[in-house]
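# Notes for the structure review
The chain contents come next:
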Amino acid sequence: MHDDRSLVESRLKRVLDERIRPAVHPESVPLEVSIWTAPGEPVPVAEGLAAPRTPIAVGDLWGAPWGTSWLTVTGTVPDAWAGRTVEALIDLGFDANMPGFQCEGLVYRPDGTPVKGLNPRNQWVRIAAPAAGGEQVLLHVEAASNPVILDYHPFLPTELGDRETAGSEPQYRLERMDLAVFDETVWQLVMDLEVLGELMAELPADGARRWEVLRAVERALDAIDLQDVNGTAAEARAQLTGVLAAPAAPSAHRISAVGHAHIDSAWLWPLRETVRKVARTTANMTALLEDEPEFVYTMSQAQQYAWIKEHRPEVYARVKKAVADGRFVPAGGMWVESDTNMPSAEAMARQFVHGKRFFLEEFGVENQDVWLPDTFGFTGGLPQIIRHAGSRWLLTQKISWSQVNRFPHHTFLWEGIDGTRIFTHFPPVDTYNCSMKGSEIAHAARNFKDKGAARHSIAPTGWGDGGGGTTREMVAKAARLRDLEGSATVRWERPAAFFEKAEAEYAHPPVWVGELYLELHRATLTSQARTKQGNRRSENLLREAELWSATAALRCGLPYPHQELDRIWKTVLLHQFHDILPGSSIAWVHREAEATYAGLAAELEALIARAQRALAGDAAGGRELVFNAAPHARSSVPAGGAAAPTATVPGSGCTVAARCEGGFVLANGLLSVTVDADGLVTSVLDTANGREAVAPGTRANLLQLHPDFPNMWDAWDVDQFYRNTVTDLTGADEVAVVHASDEAVSVRVARSFGSSTAVQTLTLRAGERRLDIDTEVDWHETEKFLKAAFPLDLHTERYAAETQFGHLHRPTHTNTSWEAAKFEACNHRFVHLEEPDWGVALVTASTYGHDVTRTVRDTDGGTTTTVRFSLLRAPRFPDPRTDQGLHRFRHALVPGAGIADAVREGYRISLPERRVTGSAGAVPPLVEPDLDALVVSAVKLADDGSGDLVVRLYEAHGGRARGRLATSFPLAAAVPCDLLERPWEGTRGEVVADGDGVSLALRPFELVTLRLTPAAG
């Protein structure tokens, strides 16, 4: 037989495009349209419905950037259409290739009831089936003219990302406003031919199945009268019955499809627009669930449910019913799909606390999966948090985006820093926006790396990022792929059903230990510094507000601010979404985030001041109290308590001496720091140990400037070639002593570079084995990357970086491609490097990105290990003015530091002392561990209002810790709990309570949450 495959396949494409698809709606009449444009931000539905309209016609322009227009469409069903299915076709000016990334609409009935959303892949509204002749049509459309930010030429700088700069030029043109007949037989034929045509392309050319499908398709095309597609569609479908009925092979890969619309809580649109995106998508999905009995839909992010509950209660009522029916599945159990690298330990815990509690209270549902398809890599501290939240499984997709190394598994156990293992799945379909294309299904089956041991994978199905969800076409394709020869099988299933099957079939999955590092989007650890600093400050203030409010509640009877803290936590958690905290959203999002953080800081400062005033007593008392919120004692003030400071300072007072060659020597008996004429640090001598921290021939605290123009994803990425060019900022405008006393000495260094300036203050304090570095940068560069380098005289093959509830180790070498790919990584409060008898910690108050490299010196053969903190970037997309303006950073260099010193100094730089004048003699801490390794991460009152004290602590040094948590109040009971403060049997170590404390024995990095009940009286 001659090979005519390309002939038939080309024929199929043209006939589908030009004859069959147009025949789905064979008859149409125009609708009349009128419009009203809201003058500012979106208005309530009632106002939009009642506003006066003016006529508008197809072809007319509409929609300024970020505007809202209310369209009213009216028409009459022709008498000749009686008994047929009729739909309205509403094209607002859509580009079919941009679902979720441009204009959208939500359709309402005249009474304000939401009907469904409109987007580029979902332009129809069912009017009646069957219709009555003469039936009147009246619909309203709330149309959002969201501009296209990520266009066909991506990553071009644009001012459209903020309403303040976007202008008023109309963005769209009305394309179609029609009433049309819907021919379901033709539509079903389209689905048949699409599925078979896509299947053919994936089958081997020498296999019989491909030719059987080809011949069936050819017969179907022969059966179609191109001048009467509607009259001959049924016969064409009949020619395909046999090949569509052939069952899949028993060994076929099995795909659990779940409806999905990954909706970014903010990204190329502001938060307020996400509220409407969620309403549009959920309106569509609840309608689709009613039409398709086998379809199952899942949505994560409790915040998004809360939004529609508040703003679109009619849609939320439909969601609640679908959840109760088991068809609409809450997933993930987190407040938002957050970044996991940068949020603090306590913030990651609260993501689950608030997310799972919302689902429990609203739906009575506690799902066990963690749903993070798009998050940019996963910290090694996360598995333990997942387990303590009562969850078992993790799903993600983004690791498939890694640039260099392909992850070796799709289903595996992920082991965290403490040894906790979580059953984890990466869908081999390699997208969280599966559309049921044959190429996607075939790729999932071929790509699945666990063949032979497992056979199940999951496919999140629906248009996402900007929302949209699953379409009726995707459901129709899935029905044909349920059991089709040559294809993987497809079933609609809840995520839990998939995970239970996958876990049951894979008794001994492989294990991956440590972080799941994404070899992409590394620059999200640095972009939008103000957003990151706002997050860190909020986390620290929340710790203090809870600690001092709980202390004041138990000591003084001050009412605990449950509602205020709950609301503030949810706002902070929202802004940890994986396109807000990482700095990859439009300017509007980050402008609002900065203002939000400022407002939260003011509220939290007021709560802290209120509690501390109650604890300190009458301000006229004249006694100064130092409040210490850090988890370790300092200045003789216990952790979590307050007392008058004492002057027990080891070493000697501070001195500063000028050098004849320029610069200064700062000393305090513990350290001797040499600052040269350029204001750079040439020596930091640990006098007690006789060790030099700065590598010979190098200079530390060196600001370095790199060009920064990645190949793609400007705000997200830094590509390794940025290191090829570097400018050391060595020239100084000023190097001067600005403070000198026995207590502290400070040197100020000012520099100019490009259009920017940097002013650094280096401070050495009495009794501190720490050099503090305060940096102020007035940043006006473009496409540049600013780092601060510290070359250290240390030989080590690995270093420690703090993460949630502990730290992880990364190599300093690049032996393999896996190690080389980690050229930019995340830390929280410290990085620590050490030889067996001596180490150095570098601590930071608010930066996350860093790199560590090592070289061998020609001069003496010694090893120089260089740590560089990433300070600022200047990408132009999606925010063309990213990080422009004034920034302040705080870092410290701590020579002679062990890991315990790194932990302690990291907390101290983040949680400064507070001084309050009052009449109280002291404020004893509510709880006090007797080991530095037992670090308390939270002290708060129980969320249920019982008055119980909740204490969360962990082993912070990476070793075994046997100690005691003393309480300063009589203790009636101590119960280990999960993160939701419910009794929990999962604690691995020993927890024994007595009358005034709890004895603990914890394993490395083990986390424990205790619910402490004070004794009556």
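That block above? That's the structure.
Predicted model, so just to flag it, every value in this text is computed and none were measured.

### As for the side chain of threonine 286
- With respect to the secondary-structure elements, threonine 286 resides in helix α7 (residues 271–291).
- A distance of 2.9 Å separates a polar side-chain atom of threonine 286 from the backbone oxygen of threonine 282.
- A distance of 3.2 Å separates the side chain of threonine 286 from the side chain of arginine 318, its partner in a polar contact.
- Not counting residues within four places of it along the chain, the set of residues in contact with threonine 286 comprises Arg318, Val319 and Phe328.

### Points about the environment of arginine 5
- Residue placement: arginine 5 occurs in helix α1 (residues 5–20).
- According to the relative accessible area criterion, arginine 5 is partly exposed, its value standing at 21%.
- Taking the C-alpha atoms as reference points, arginine 5 and arginine 210, separated by 205 residues in sequence, lie 9.5 Å from one another.
- Those residues in contact with arginine 5, other than ones at most four positions away along the chain, are Ala205, Arg210, Trp211 and Leu214.

### Some points on the pairing of strand β47 (residues 934–941)
- Burial analysis of β47 places 8 of its 8 residues in the buried class, the great majority of the element.
- In this sheet, strand β48 (residues 949–955) lies alongside β47 in antiparallel orientation, the contact comprising 7 bridges. Across the sheet, alanine 938 pairs through a bridge with arginine 952, a residue of β48.

### Some words on the packing of aromatic side chains
- In this structure the tally under the stated criterion is 38 aromatic pairs.
- The ring of tryptophan 269 carries the charged tip of lysine 277 above its face, separated from the ring centre by 4.2 Å.
- Here the guanidinium or amino end of arginine 472 rests over the ring plane of tryptophan 124, the centre of that ring lying 3.7 Å away.

### Focus: unusual backbone geometry
- Cis geometry is adopted by the peptide bond preceding proline 130, which originates at alanine 129 and carries an omega value of 5°.
- Mapped onto the elements of the fold, proline 130 is located in the loop between β9 (124–128) and β10 (136–145).
- With an omega of 5°, the peptide bond between phenylalanine 877 and proline 878 qualifies as cis.
- Counting through the fold element by element, proline 878 comes out in the loop between β43 (863–873) and β44 (885–895).
- For aspartate 465, which is not a glycine, the phi torsion comes out positive at approximately 65°.
- Among the structural elements, aspartate 465 can be located in the loop between β20 (456–461) and α13 (472–480).
- Even without being glycine, aspartate 883 reaches a positive phi, approximately 65°.
- Note that aspartate 883 resides in the loop between β43 and β44.

### A word on helix α17 (residues 587–616)
- Here α17 spans 43 Å end to end across 30 residues, near enough to the 44 Å set by a 1.5 Å rise per residue.
- Looking one or two residues past α17, glycine 617 carries a phi angle of roughly 85°, positive in sign.

### Some thoughts on the environment of phenylalanine 721
- Within the secondary structure layout, phenylalanine 721 lies in the loop between β30 (702–707) and β31 (727–728).
- Taking the relative accessible area as the measure of exposure, phenylalanine 721 reaches 40% and is therefore partly exposed.
- Taking C-alpha positions, phenylalanine 721 is 8.6 Å from proline 710, a pair spaced 11 residues apart along the chain.

### What to know about the sheet that holds strand β25 (residues 655–658)
- Pairing is antiparallel in the open sheet, where 5 strands are placed in the order β25-β26-β27-β28-β29. Looking at which strands have only one partner, the edges of the open sheet turn out to be β25 and β29 (691–692).
- Direction of pairing for strand β26 (residues 664–667) relative to strand β27 (residues 671–675): antiparallel, over a ladder of 4 bridges. Within β27, the position partnered with valine 665 by the bridge is threonine 674.

### Description of the side chain of threonine 489
- Considering the arrangement of structural elements, one finds threonine 489 in strand β21 (residues 489–492).
- Overall, threonine 489 belongs to the buried group, its relative accessible area being 11%.
- Apart from the residues lying within four places of it in its own chain, the contact partners of threonine 489 are Ala248, Ala252, His253, Arg254, Ile255, Leu481, Arg482 and Asp483.

Parameters and conventions
- The residue numbers shown here count from 1 along each chain, following its written sequence.
- Given that this is a predicted model, residues contribute local features only at a pLDDT of at least 70 and side-chain atom pairs are listed and counted only at 80 or more, while totals for whole chains, interfaces and linings are drawn from all residues.
- Derived side-chain values reflect all non-hydrogen atoms in the structure, with water molecules and hydrogen atoms excluded from consideration.
- Strands are runs of DSSP state E lasting at least 2 residues, helices are runs of H or I lasting at least 4, and numbering of each runs from the N terminus.
- N or O atoms within 3.5 Å of each other form a polar contact, as long as, within protein, one can give a hydrogen and the other can take it, and as long as residues adjacent in sequence are counted only when both atoms are side-chain atoms.
- A contact between two residues is defined here by any heavy atoms of the two lying within 4.5 Å.
- Burial classes follow relative accessibility: with a 1.4 Å probe on protein chains only, a residue under 20% of its type's maximum area counts as buried, one over 50% as exposed, and anything between as partly exposed.
- Two strands qualify as a pair provided that DSSP identifies no fewer than 2 bridges between them.
- Stacked, edge-to-face and tilted labels apply to pairs of Phe, Tyr and Trp rings (six-membered ring for Trp) whose centres lie within 6.5 Å, assigned for plane angles under 30 degrees, over 60, and everything in between, in that order.
- Whether a charge sits over a ring comes down to the Lys NZ or Arg CZ being within 6 Å of the ring centre and within 35 degrees of the ring normal.
- A helix is expected to span 1.5 Å for every residue after the first.

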